[in-house]
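Report on the structure
For reference, the chains in residue letters:
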Amino acid sequence: MKATTMKLLSLILSSIIIIASVILCHQIISNSISIQKNKNDYAELNHVKYGLFSIEEWKRQITAILAEEINKLYLSETNEKVLRKHIEVLLNTLIDKVDKKIREGNSGTAGGQLTQSFINIFIKLDDIKKGIPEYADAIIHEITKSKTRRQIKAALNKQLDQFANQTFDTQDTSQLSSILLRADSRDIEGARIKLDKEISVKQDLIYKEVILLVILSAILFALSGFSKQPLSPSRYVPLVLSLVILLSAGVTTPMIDMEAKISQMSFMLMGHPIHFENQVLYFQSKSILDVFWIMITHQDFQLKFVGILLITFSIVFPLLKIVSSLGYYYDYRQAKENPVIRFFVLKSGKWSMADVMVIAIFMAYIGFNGIITSQLGHLSSADQELVILTKNGTSLQPGFYLFLTYTLLALFLSELLTRKPSAIGA
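Residues numbered from 1 in each chain as written. Predicted model: local features only at pLDDT ≥ 70, side-chain atom pairs only at ≥ 80, totals over all residues. Heavy atoms only, no water.

1. Side note on the overall build of the protein chain
When its secondary structure is counted, the protein chain shows 15 helices and five strands. Out of the 426 residues in the protein chain, the part that is buried amounts to 36%. When contacts within the protein chain are restricted to residue pairs at least 6 apart in sequence, long-range pairs at least 24 apart make up 77% of them. Carbon and sulfur atoms make up 64% of the accessible area of the protein chain, which amounts to about 25,500 Å² in all. (Helix = DSSP H or I, 4+ residues; strand = E, 2+ residues; numbered from the N terminus. Buried < 20%, exposed > 50% of the residue type's maximum accessible area, 1.4 Å probe, protein only. Contact = heavy atoms within 4.5 Å. Areas by Shrake-Rupley, 256 points an atom, 1.4 Å probe, with all protein chains shown as cover.)

Shown next as structure tokens:
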């Protein structure tokens, strides 16, 4: 009676865990697809082509600096002295040129020569040049008037606007417009803030859901692993369902995010900073199914072949292993004697391509992480004139940990089957 009660409680607990796992799996997949889109949109908004490589962004920052400098335009005492000297030199040269022009015009005719004679008698060039300092003072006085300064600034600003209108970018911004529409935002900065907030909230939620799913699966396997009783159907079936849930979530959610970006670049122009932040150079967030689809739809036959191998070893083989273990456990049509079934159940547990997949993904993470860090290190600079700070955002994602959990628990299930083979009823 006590054993029956314990089996009933175990069955109820296993059922609750499986139902909760199914709900969590659905939530993880749904949230992961949503956050993957948001991450891609966020990376696109921060892409270097809309910032550091954008003519519009450079024009915006430089135009603002020039406009501010124009509005601050004034003559200091030092600048007045320098300008006065330039004006005096210019006036002296101008007087000489006018005198030369008049003489050349009067030299061709008798009347002109007569006119030039009167000019030489009554007008002394040296006397005119003596007044150059006074002429320069008059010009400086006129320039420093408030009305004149306003007119000069207005003329300069008008010319600046003309140059700005003549400088424009011809890049395609249809993708950017689509992102702004999805984010329900009028500008890039507003969309960034909104997407960053959504990503942060959903990322935190996904990690909590993944941890909970892993814990529930571990509890389910622990109940059977620590039990001294043979593995009964009431225990075995929930274990298989748990593996299917973990595998489903693992292959459909992103396993790795690869990101390389310039977190900050700045330098000074006319005493003003030219500044760029979070300039994404490269970003990818892919699940196993995403990678498979990219490879299988590529024109290169070799990539198609690799995609088929990828899906075979990451999904087909694990599913065949689960189905084979079901046939082996229940000895359906003498499945225990079938060499294919025996291979998947008894030998693939020791030679599992799922294990290789986990190691390959982990090594890819280490490799990409090292390559990106190394390459970005060459871009970094921190001198007085130019500051470039780079950042490597490569990270393992929940899909990797779910797939890893599936792999470990699948090996554990194989051990339970080979150590305690049983077809005893519940």
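2. Considering the pairing of strand β1 (residues 256–269)
Within β1, ten of the 14 residues are buried, leaving the element largely enclosed by the surrounding structure. Counted along the chain from β1 to the antiparallel partner strand β2 (residues 272–286), the turn is two residues long, and its residue Met 270 has a positive phi close to 55 degrees. (Pairing = 2+ DSSP bridges.)

3. A few points about unusual backbone geometry
Positive phi values are uncommon outside glycine, yet Asp 184 reaches one of about 55 degrees. We classify Asp 184 as exposed; its relative accessible area is 64%. Although it is not a glycine, Asn 278 adopts a positive phi angle of roughly 50 degrees. Within the secondary structure, Asn 278 sits in strand β2.

4. Brief notes about the side chain of Thr 253
Turning to its location among the elements, Thr 253 is positioned in the loop between α10 (233–252) and β1. A distance of 2.6 Å separates a polar atom in the side chain of Thr 253 from the backbone oxygen of Ala 249. Excluding its chain neighbours within four sequence positions, the residues that come into contact with Thr 253 are Ile 28, Ile 29, Ser 32, Ser 287, Pro 398, Gly 399 and Leu 402. (Polar contact = N/O pair within 3.5 Å; in protein donor to acceptor, adjacent residues only side chain to side chain.)

5. Re the pattern of salt bridges
Here the idea is simple: oppositely charged side chains can pair when their charged atoms come close. Scanning the model with the defined rule gives six salt bridges in all. Of the charged contacts in the structure, one is a salt bridge between Asp 137 and Arg 84, with a shortest N-O distance of 2.7 Å. Residue Asp 137 is found in helix α6 (residues 132–143), and its partner Arg 84 is found in helix α3 (residues 77–106); the two are separated by 53 residues along the sequence. Put simply, Arg 192 and Glu 189 hold a salt bridge, and the shortest N to O gap is 3.2 Å. (Salt bridge = Lys/Arg side-chain N within 4 Å of Asp/Glu carboxyl O.)

6. Things to note about the packing of aromatic side chains
Per the counting criterion, the structure on display carries three aromatic pairs. Plain terms: the ring middles of Phe 221 and Phe 412 are 6.1 Å apart, the flat faces sit at 50 degrees to each other, and that makes the pair tilted. In this pair, Phe 221 is assigned in helix α9 (residues 188–225) and Phe 412 in helix α15 (residues 398–419), connecting sequence segments 191 residues apart. Exposure remark for Phe 221: the relative accessible area of 2% places this residue in the buried category. On the basis of relative accessible area, Phe 412 is assigned to the partly exposed category, the value being 30%. Consider the rings of Phe 403 and Tyr 406, whose centres lie 5.9 Å apart with planes at 45 degrees: the pair is tilted. Placement of both Phe 403 and Tyr 406 in helix α15 is noted, with a separation of three residues, approximately one turn of the helix. Phe 403 sits in the buried class, given a relative accessible area of 1%. (Phe/Tyr/Trp six-rings, centres within 6.5 Å; stacked < 30°, edge-to-face > 60°.)

7. Quick look at α10
Helix length check: α10 (20 residues) gives 29 Å between terminal C-alpha atoms against 28 Å at 1.5 Å per residue, within 8%. By the criterion of burial, α10 is predominantly enclosed, with 15 of the 20 residues buried. (Expected span 1.5 Å × (residues − 1).)

8. Some remarks on the packing of α10 against helix α12 (residues 301–330)
With their axes 11 Å apart at the nearest point, α10 and α12 run at an angle of 175 degrees to one another. With respect to α12, the axis of α10 lies roughly antiparallel. Residues Pro 233, Tyr 236, Val 237, Val 240, Leu 243, Val 244, Leu 247 and Val 251 of α10 form the contact with α12, whose participating residues are Ser 314, Ile 315, Pro 318, Leu 319, Ile 322, Ser 325, Leu 326, Tyr 329 and Tyr 330. Taken together, the residues of the contact of α10 with α12 break down into 15 nonpolar, two polar and no charged. (Axes fitted to C-alpha atoms, helices over the stretch in contact; angles between N-to-C directions. Parallel < 35°, antiparallel > 145°, perpendicular 65-115°, else oblique. Nonpolar A, V, L, I, M, F, W, Y, C, P; charged D, E, K, R; others polar.)

9. Observations concerning the nonpolar core
If you look at the biggest cluster of nonpolar residues, it comprises 40 residues, and the most contacted ones within it are Leu 213, Leu 243, Leu 402, Tyr 406 and Leu 413. With sequence-adjacent residues up to four places away left out, Leu 402 is seen in contact with Ile 28, Val 210, Leu 213, Val 214, Leu 246, Ala 249, Gly 250 and Thr 253. (Core = buried A, V, L, I, M, F, W, Y, C linked by side-chain atoms within 4.5 Å.)

10. With respect to the pairing of β2
A regular strand places its side chains on the two faces of the sheet in alternate fashion. Looking at chain direction, β1 and β2 are connected through 13 bridges and run antiparallel. Looking at β2, one finds that Met 268 is bridged to Pro 273.

11. Examining α12
Spanning 30 residues, α12 covers 41 Å between terminal C-alpha atoms, matching the ideal 44 Å at 1.5 Å per step. At Thr 312, α12 shows its maximal bend, which comes to roughly 40 degrees. Count one or two residues on from α12 and you reach Asp 331, which has phi positive near 50 degrees. (Bend = angle between axes of the 7 residues up to and from the residue.)

12. Brief notes about the environment of Arg 84
Judged by relative accessible area, Arg 84 falls into the partly exposed class, the value being 24%. In this structure, the C-alpha to C-alpha distance between Arg 84 and Pro 133, residues 49 residues apart in sequence, is 8.1 Å. For Arg 84, the contacting residues outside a window of four places in its chain are Ala 136, Asp 137 and Ile 140. Among the polar contacts listed, one links the side chain of Arg 84 to the side chain of Asp 137, at a separation of 2.7 Å.

13. A word on the environment of Arg 342
Relative to the elements of secondary structure, Arg 342 occurs in helix α13 (residues 339–347). As a C-alpha pair, Arg 342 and Gly 327 span 15 residues in sequence and 9.9 Å in three-dimensional space.

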